[in-house]
Amino acid sequence: MPIRLYNSLTRKLEELQPLVPGRVRMYHCGPTVYSSPHIGNFRSFLFADVLRRFLEDQGLAVTQVM
C-alpha cells in the first residue's frame, strides 16, 4: 500500500517517493514554547514522531534531524 501525504505546495495528496529507495530523511523544528506548555505547542513534534514510527513500521530506514 503506497504512503500518500498532503503536499501543501501542490495542494494534492502525493505518493511518498524516497530519493534513496528504502531510506527516508526528515528535518523539522522542535517545539517552541514561550509560556506554559500545552499540547498545541507540541503538535508538530508529536506528528513528526508518529510519522517516523509509521515509516519505520513500514520497513523504511529513517534519519530524523530536529
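Details of the structure are given in the entry above.
Residues numbered from 1 in each chain as written. Predicted model: local features only at pLDDT ≥ 70, side-chain atom pairs only at ≥ 80, totals over all residues. Heavy atoms only, no water.

*Asks:* Which residues make up the pattern of salt bridges, and what values go with them?
*Replies:* Per the counting criterion, the structure on display carries three salt bridges. In this structure, Arg52 engages Asp49 in a salt bridge whose closest nitrogen and oxygen atoms are separated by 2.7 Å. Within this pair, Arg52 and its partner Asp49 are both found in helix α1 (residues 43-57), separated by three residues, close to a single helical turn. The exposure class of Arg52 is buried, given its relative accessible area of 18%. Relative accessible area serves as the criterion here: at 18%, Asp49 is assigned to the buried category. One continuous salt-bridge network, built from bridges that share partners, spans Asp49, Arg52, Arg53 and Glu56. (Salt bridge = Lys/Arg side-chain N within 4 Å of Asp/Glu carboxyl O. Helix = DSSP H or I, 4+ residues; strand = E, 2+ residues; numbered from the N terminus. Buried < 20%, exposed > 50% of the residue type's maximum accessible area, 1.4 Å probe, protein only.)

*Asks:* Please give an account of α1 that cites residues and values.
*Replies:* For α1, with 15 residues, the first-to-last C-alpha span of 21 Å sits near the 21 Å given by 1.5 Å per residue. Among the residues of α1, Ala48, Asp49, Leu51, Arg52 and Leu55 are the ones counted as buried. Buried positions in α1, seen along its axis, are confined to an arc of 165 degrees and lie on one side of it. Set apart from the buried face of α1 by more than 90 degrees, the exposed residues are Arg43, Val50, Arg53 and Asp57. For α1, the secondary structure elements touched by its buried residues are β1 (4-7), β3 (23-27) and β4 (61-65). Gly59, located one to two residues past α1, shows a positive phi value of around 95 degrees. (Expected span 1.5 Å × (residues − 1). Arc of directions from axis to C-beta. Contact = heavy atoms within 4.5 Å.)

*Asks:* I'd like to hear about the environment of Asn41, residue by residue, with values.
*Replies:* Mapped onto the fold, Asn41 is located in the loop between β3 and α1. Taking the C-alpha atoms as reference, Asn41 lies 9.5 Å from Gly30; in sequence the two are 11 residues apart.

*Asks:* Lay out the pairing of strand β2 (residues 12-15) with the relevant residues and their values.
*Replies:* Pairing geometry for β1 and β2, over four bridges, is antiparallel. Looking at the pairing, Leu5 lines up with Glu14 of β2. From the end of β1 to the start of β2, which pair antiparallel, there are four residues, and Arg11 there has a positive phi angle of about 60 degrees. (Pairing = 2+ DSSP bridges.)

*Asks:* I'd like a rundown of the side chain of His28, residues and numbers included.
*Replies:* By secondary structure assignment, the location of His28 is in the loop between β3 and α1. A residue is classified by how much of its surface remains accessible, and His28, at 14% relative accessible area, is buried. Engagement of the side chain of His28 in a polar contact is seen with the side chain of Gln64, the distance being 2.8 Å. Those residues within four positions of His28 in sequence are excluded, and the remaining contacts are Ala48, Gln64, Val65 and Met66. (Polar contact = N/O pair within 3.5 Å; in protein donor to acceptor, adjacent residues only side chain to side chain.)

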